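Residue-level structure breakdown
Spelled out, the chains give:
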Amino acid sequence: MKAVLPIAVVLAVITALWYVAAIWLNAPWIYDQAVRAEAEPPTFIQLVPLTMDQDRPVLPTPHQVAAELVKSTFGMSVTSKKSLVYHGWITISATLLGFVMGTGFGILLAVGIIHNRAMDLSVMPWAIASQTIPILAIAPMIIVVMNSMGVQGLVPKAIISAFLSFFPVLVGMVKGLRSPDRMQLDLLATYGASDAQALWKLRVPSSMPYLFASLKVGIAASLVGAIVGELPTGAVAGLGARLLSGSYYGQTVQIWAALFAAAIVAAGLVAIVSWAERRTLKRMGMAR
Amino acid sequence: MIWGIAAFVIWAGAWGLNVRLSHSALVQSRAGRLVVPAIFGVTVLLVWECTVRGLQVPGVILPPPSAIGARIAQEGPTLWADFRQTFLKGALRGYAIGCTAAFLTAIAIDRSPFLQRGLLPVGNFVAALPIVGIAPILVMWFGFDWQSKAAVVVVMVFFPVLVNTVAGLKATEAMQRDLMATYSASYWQTLLKLRLPAALPFVFNGLKIATTLALIGAIVAEFFGSPIVGMGFRITAEVGRLGLDMVWAEIAVAALAGSAFYGLVALIETRMTFWHPSQRR
């Protein structure tokens, strides 16, 4: 709780800076209007209120964004195309589907890698090298190719999400499944345990902290994948589509509201994973 | 049919070779550790080629690697122009500005525990957010050319580097700081001679994460608007024309550039943090 005051101060400073920046960035438009109307340019005191509530500001003020966020979250029916709940849900469902696919595939491959030396030596260097590749660049291609194969909607976006969340999980799980030390593995060998038994009774339980650490990275990456996956389809639905249509039509308030909605979704998803992590580790007696 | 059999034979043969290699003594050597993944990579390319030819997959769905290679050789100047626009102009400049700014900010807030307690949770939070979302806003502010891409990169790399540098500046032990105090070293002397060197492994960790983010930021920002050159622009444009071999060529260039950039930073890291336990052989 000691951290609350400093965080509050930092957030207050950021908000204050934001208002100052909004006045500074939105002022040219006011001056421009004054010149066109051949009126006196407004004094600074007159200027400030005019920059606070423009329709298409260069930088919307925090209260405009908050108002738009509340309006499009609670003020619309959930099925409306203007509702952020509708768009948010589309993005979240693609994120979750991709996250489950990516995690499942990552864990399976990790199990294969720790049991097969040839696989370890051939696949692992590529998996690590692939972290340095900007995978998001292939997003438009996946969408269009899947589209031409007749697959539309959720699945192509989920595949991009799966791609992004797969690598953190793979790398984390290989580390985690290898975390039991020699002594523990030897003990199981003296019990005559099979590989499968060693996997379930020793390796999987001891990999849990690693799994959750990579799940947190993975779900954040999944969300980024789903949002970017919505861009090339030409702004149909989802938070990414809101960003894109906002940028086409100069609706800055809408962009910022979608951005904050995405941030809230990301924070919520990571919080859910952390909550599951705390519960699981506590039940397993691994809580730090 | 021939192609299918060829794909299977290549796969089985290479896999058998790898299994034998990975149980032989050769793997202990450095060369062996490179050979096995290299065989795997070549196998994937060959099987891809054979499958695409065997099943006669249309080029608009998945072009064979040979077509992609031919496209790279043929479109060299275009690829180079795109690379220069996106990587050298957008990503590299943004990376340099963002990392410098984050490093200086970390040193600035180093003396204030209050600011650290406030900024670090916020920084950690922001680092997990889908920051690419600010791309449309920055493209609106800074125009379509590389400036807006560099701005996106600055914002994307800032927080990982900041959080890692602040963590690194805490990495010294009380004993070491006490020693500097008995030498009556000033704050700046302690910072330059003890704490910054000790922070380097953490700083480089942040810098390495930032290399990938920089390239992603520069490419994705181009999806929101760009001049008629650039890797992100080329990808969206060629996807629209179904020129998938060109898309794959761009992706190959992006992958090479990303890996080379990461490798360069990792190389500088081994040179500068040779004393760290993780670098010992």
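Here the structure is shown first, and the text comes after it.
Keep in mind that this is a model prediction, so the values were computed, not measured.

Reading guide: rules and limits
- Residues numbered from 1 in each chain as written.
- Chains lettered and ligands numbered in written order.
- Predicted model: local features only at pLDDT ≥ 70, side-chain atom pairs only at ≥ 80, totals over all residues.
- Helix = DSSP H or I, 4+ residues; strand = E, 2+ residues; numbered from the N terminus.
- Buried ≥ 20, exposed ≤ 12 C-beta atoms within 10 Å, placed from the backbone.
- Contact = placed C-beta atoms within 7 Å.
- Rg over C-alpha atoms; globule rule 2.2 N^0.38 Å.
- Nonpolar A, V, L, I, M, F, W, Y, C, P; charged D, E, K, R; others polar.
- Axes fitted to C-alpha atoms, helices over the stretch in contact; angles between N-to-C directions.
- Parallel < 35°, antiparallel > 145°, perpendicular 65-115°, else oblique.
- Core = buried A, V, L, I, M, F, W, Y, C linked by C-beta atoms within 7 Å.

Comments concerning the overall build of chain B
Helices and strands together make up the secondary structure of chain B, namely 11 helices and 0 strands. Along chain B, from the amino end to the carboxyl end, the secondary structure elements read α-α-α-α-α-α-α-α-α-α-α. Seen along its three principal axes, the alpha-carbon backbone of chain B occupies a region of about 80 × 55 × 30 Å. In chain B, buried positions account for 40% of the 281 residues. Of the contacts made within chain B by residues no fewer than 6 positions apart, 75% connect residues no fewer than 24 positions apart.

Overview of the overall build of chain A
The helix and strand inventory of chain A stands at 11 helices and 0 strands. In chain A, the succession of helices and strands from N to C terminus is α-α-α-α-α-α-α-α-α-α-α. For 288 residues, the compact-globule estimate of 2.2 N^0.38 gives 19 Å, and chain A exceeds it by more than 25% at 25 Å. Reported as C-alpha extents along the three principal axes, the dimensions of chain A are approximately 90 × 55 × 35 Å. Across the 288 residues that make up chain A, the buried fraction comes to 38%. Counted over contacts in chain A with a minimum sequence separation of 6, partners at least 24 positions apart contribute 75%.

Some thoughts on unusual backbone geometry
Note: most peptide bonds trans; most residues except glycine with negative phi. Residues and elements named next belong to chain B. Phi angles above zero are rare outside glycine, and S184 is one such case at about 55 degrees. Within the secondary structure layout, S184 lies in the loop between α8 (174–182) and α9 (187–223). In this structure S184 comes out as exposed when scored by C-beta crowding, with 7 C-beta atoms within 10 Å.

Quick notes on the environment of P62 of chain A
Residue and element names in this part refer to chain A. Tracing the backbone shows P62 in helix α3 (residues 62–74). Taking the C-alpha atoms as reference, P62 lies 25 Å from A34; in sequence the two are 28 residues apart. If sequence neighbours within four positions are ignored, P62 has contacts with T15 and W18.

Some points on the interface of chain A and chain B
Tallying the contact residues gives 45 residues for chain A and 47 residues for chain B. Contributing elements (two or more residues each) for the side of chain A that touches chain B: α1 (4–36), α5 (117–130), α6 (139–148), α9 (195–229), α10 (239–249) and α11 (252–283) of chain A. Counting residues per element, the side of chain A that touches chain B draws most heavily on α5 of chain A, which supplies 8 residues. In the side of chain A that touches chain B, the residues fall into 38 nonpolar, 6 polar and 1 charged.

Description of α6 of chain A
Within α6 of chain A, the full set of buried residues consists of A139, P140, M141, I142, I143 and V144 of chain A. Considering only its buried residues, α6 of chain A is in contact with α7 (154–177) and α9 of chain A together with α10 (231–240) and α11 (244–272) of chain B. Just beyond α6 of chain A, the residue with positive phi is G150 of chain A, at close to 95 degrees.

Thoughts on the packing of helix α4 (residues 84–115) of chain A against α10 of chain A
All names here are of chain A. Two elements in contact, α4 and α10, have axes whose closest approach is 7 Å; the angle formed by their N-to-C orientations is 125 degrees. With respect to α10, the element α4 is oriented oblique. For the pair formed by α4 and α10, the contact residues are H87, G88 and T91 on the first element and L239, G240, A241 and R242 on the second. Looking at the contact of α4 with α10 residue by residue, the class counts come to 2 nonpolar, 4 polar and 1 charged.

Examining the nonpolar core
Judged by nonpolar contacts, the single largest core of 127 residues is most densely connected at V153, V157 and A214 of chain B. Sequence-distant contacts of A214 of chain B, that is, excluding residues within four places in its chain, are made with A91, G94, Y95, V153, M156 and V157 of chain B.

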